[in-house]
Amino acid sequence: MNRVAIVGAGITDCRGRWVEATYWDLFQQATRRTLADAQVKAAEVDSVVYGIYNDIFEHQAIPESALTGILGMAEKPGTRVTSGGATGFYAMRTAIMEVASGLSDLVLCVGGEKATDCYDPQSKTATPMVIDTIAKSWDPFFEYPLGATASDSYMQMCMGYDDRYPGDIGDGLVRAKIIEMLCRQGNKNPFGQRRDETVTAEQVLASRWIIAPFLRLLEACMYTEGAAGILFASEKKAREISERTGVPPIWVKGVGAANESYQVGRGGSHKPLHSIVSDRVAAERAYAMAGVRPSDIPLVELHDAFVAQLMVTLGEMGFVPLGKTRKLVDDGVMADIRQLGDAGRPAKGQVLINPSGGLIFGGHFVGGSNMFSMWSARREMLRREIPLALIHGTGAINAVFGGAIVVEFEGGVR
Amino acid sequence: MKQGNILGEVWNLPRGTSEIAGKDPGRYLQFNSHMVTFYQQTYGELSRFFLALREGKLLGARCRKCKQVLVPASTWHCPTCDFVEMEEVDLPHRGVLAATAPITIFPSASFIGEAPFARGYVDVATDARIASFLPSRLRTTTGLPRPGIFVKGVELKLVFEDDRIGAIRDIFWVPMSEVPARLRQKKPLLASALNFKNPPAPKVRKSREAAAALGEALAAMRALAGKVTKSPRAQKDLGGRKHVLGVTTGGGGFTLKIEKGALRVAADLAKKTDFVLVAEDPAVFSRWVADGSLTDAAVEGKLWLPSREAFGVLPILDRLPRSVRRDVK
Ligand SMILES: [Zn+2]
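Residues numbered from 1 in each chain as written. Chains lettered and ligands numbered in written order. Predicted model: local features only at pLDDT ≥ 70, side-chain atom pairs only at ≥ 80, totals over all residues. Heavy atoms only, no water.

A few words now on the sheet that holds strand 13 (residues 401-408) of chain A. Residues and elements named next belong to chain A. Spatial strand order, 3-2-4-7-1-8-13-12-10-11: 10 strands in an open sheet with mixed pairing. Every interior strand has two partners, whereas the edge strands, strand 3 (78-81) and strand 11 (352-353), have only one. Across 7 bridges, the pairing between strand 1 (residues 4-11) and strand 7 (residues 226-234) is antiparallel. Residue I6 lies in a different strand from strand 7, and its bridge partner there is F232. Seen against the sheet, helix 10 (residues 307-316) touches strand 10 (299-301), strand 11 and strand 12 (388-395) and runs at an angle of roughly 120 degrees to strand 12. (Pairing = 2+ DSSP bridges. Helix = DSSP H or I, 4+ residues; strand = E, 2+ residues; numbered from the N terminus. Contact = heavy atoms within 4.5 Å. Axes fitted to C-alpha atoms, helices over the stretch in contact; angles between N-to-C directions.)

Right, let's get into the nonpolar core. Residue and element names in this part refer to chain A. One finds I178, L314 and L328 to be the most contacted residues of the largest nonpolar core, which totals 70 residues. At 7 residues, the largest contribution of residues to this core is made by helix 6 (residues 172-186). Not counting chain neighbours up to four residues away, the residues in contact with L328 comprise I178, L310, M311, L314, V320, V333, M334 and I353. The next biggest cluster of nonpolar side chains, apart from the first, holds 43 residues, and it includes A86, Y90, W375 and A389. (Core = buried A, V, L, I, M, F, W, Y, C linked by side-chain atoms within 4.5 Å. Buried < 20%, exposed > 50% of the residue type's maximum accessible area, 1.4 Å probe, protein only.)

Let us now look at the sheet that holds strand 16 (residues 262-266) of chain B. Picture the strands of a sheet paired through backbone hydrogen bonds; they go either parallel or antiparallel. Residue and element names in this part refer to chain B. Here 4 strands make up an open sheet; going across it, the order is 16-15-14-17 and the pairing mixed. Of all the strands in the sheet, just strand 16 and strand 17 (275-279) have a single pairing partner and so form its edges. On average, each strand axis in the sheet is tilted by 20 degrees relative to the strand beside it, whichever way the strands run. As judged from the 7 bridges shared by strand 14 (residues 243-249) and strand 15 (residues 252-259), these two strands associate in the antiparallel manner. Within strand 15, the residue paired with T248 across the bridge is G253. Each of strand 14, strand 15 and strand 16 is contacted by helix 2 (residues 208-228), which is oriented at about 155 degrees to strand 16, the strand it contacts most.

Moving on to the interface of chain A and chain B. Tallying the contact residues gives 55 residues for chain A and 66 residues for chain B. Between chain A and chain B lies a buried interface of about 4,900 Å² when both sides are counted; carbon and sulfur atoms form 61% of it. When the buried surface of chain A facing chain B is broken down by residue, F142, L146 and R266 of chain A rank first, second and third, together holding 17% of it. Counting across the interface, chain A meets chain B through 5 salt bridges. Here K23 of chain B ties to D13 of chain A by a salt bridge, and the two come within 3.7 Å at their closest N and O atoms. In this assembly, chain A and chain B are joined by 29 residue pairs in polar contact (both at pLDDT 80 or more). At the level of elements, helix 2 (55-58), helix 4 (127-135), helix 5 (150-164), strand 5 (209-211) and strand 9 (265-266) of chain A are the ones that each hand at least two residues to the side of chain A that touches chain B. (Buried area = accessible area lost by both parts, 1.4 Å probe. Salt bridge = Lys/Arg side-chain N within 4 Å of Asp/Glu carboxyl O. Polar contact = N/O pair within 3.5 Å; in protein donor to acceptor, adjacent residues only side chain to side chain.)

All quantities given are derived from atomic positions and should not be read as evidence of function.
As structure tokens, then:
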């Protein structure tokens, strides 16, 4: 495949609700910022890939059709990707393929979500309807009628993991300390939804249960409205744009994806309950393609629905041993932003995890959450001179969709 | 199973628009709308499974080649053997919980009123080397679902609702240990044969420590009750509600009465109560007053409740310490 570079990125402010904007405007804001970042005019873009998770949230079937003209993408090819929580990852994978194949030289990948216009007349709040809309990700025959929610689905994976590895993710204090660290990082994200909040480990432990014993209120990701764009370019185009902007390109080194079966079970192709196989296989494929090991990677932006799942995912992706993911805190594997400051690099054996604040503190606009992660990874690589980063996405019920991208900054300090 | 209409009266909004304030200055409008369709959705190839449920049977699909069993039969053509046609297999009415099950306390809009409930994956075709698990509702005859009941490996009995329509909710599973021995082989076992209505309260161990803890809890609750009389917020929380909650603890019993916007604490277990809650450790109630949560105690299994109705009272009680703190210095 041809080399693919990231030459621009832009995101909107992350908000619980954007009263001031429709999803049309959110996508345009992200597009404007992405193109301005790369000093590129819309006319120069060859094609566009949209990440939009859910038609019910956008309140329009074929929601991307309304965006074409507004984003300056008229008379260009446009592909919409929708793959649950991993929508952003799969949209980027599609954009990367377009460039890698030689079909396009410059592809805009833009994703976002308008989730909290939903309204539940029964409770007179948005949340139960937002949860119900996401719960429609389950089939109508067997799973949805049982009342499953997205939280249950990720929690089921954590419970299956805990059955196999008791005592690892079950220590609330370890999880609370991770939250405290993510919060400090989120405070430094100028676009982050909870950038003004301070959450201590003590507060986490005092917060109410959503699902015992692995998920308290302050351990869960948010619903966000917002959008993010990433501009992918061929090598020639990337050099040209880099000359223009003075910003070096970030290269796509490895892309891995794996979706597990919807059917949960034992043996064969069934999805096991004790493991997020999709995360492991996707990461292994991305490492193999990039020719790297997890120990080479000092920066990870991962899709953290909950802290317990963040721990399991980092275990599956090889940053800490499965069953001993609490080493993140116990052995200081998770780098401390207070020591790193705004320009420092993690020490050998340490990893900077979700400097954006992740989906818990930064933002989680489903169709573009993984682009949000990519935006942050690029930002941190450039300002800290970090050579390699991993971006992770997960989605669909029981976390059966998994994706991972390894990116490289040639000017990074090894 | 109750039939009724799909959407109740609450599922509606008046036509029109309203002004809404955002984060940025400026005037913004929002309009009320909906995006919904009704379905008369065919079960298609899955009809066989749901027709069998109506008849009190659990059907799976078995591949003659690789011997894998699909529960439920999500397809009748084996995806791992070139889509060879699978055969029908009549499955046992017992199974094993494949992984510890989460308990939902914050359901989505369509399931409000059902919480707390447990759902998990049941390994039914345990003799097959390769098998899928049945997504299932899990119920207990010992009160509300709580930690320690639906754990990995627990043996389960399949139970059928007495009135079945051909839906996954026609069936659910209960721990085999809760099924009387004479009913364990019964196929199908109907829900009416088990007692879900009046679960036996768990026995508590009496202790001197618990008696002392009860003294502290009673003092704390009385102080709270006193502050409620000075707190408009707390009185609003309790407004229009009338409950008599008996509580049994390891240190003795007491009663919480809610009436006319007031909370009263009596140091004995009243004869007539709406429900009797059980907590071996009375400190559960001291922690509640100190800005803790009775709902959390129930979720952790430290406070036993006989019914969903009892669970529904807890969020109101949980609001009191905060309301009082905001109103009474
Ligand atoms: Zn087969």
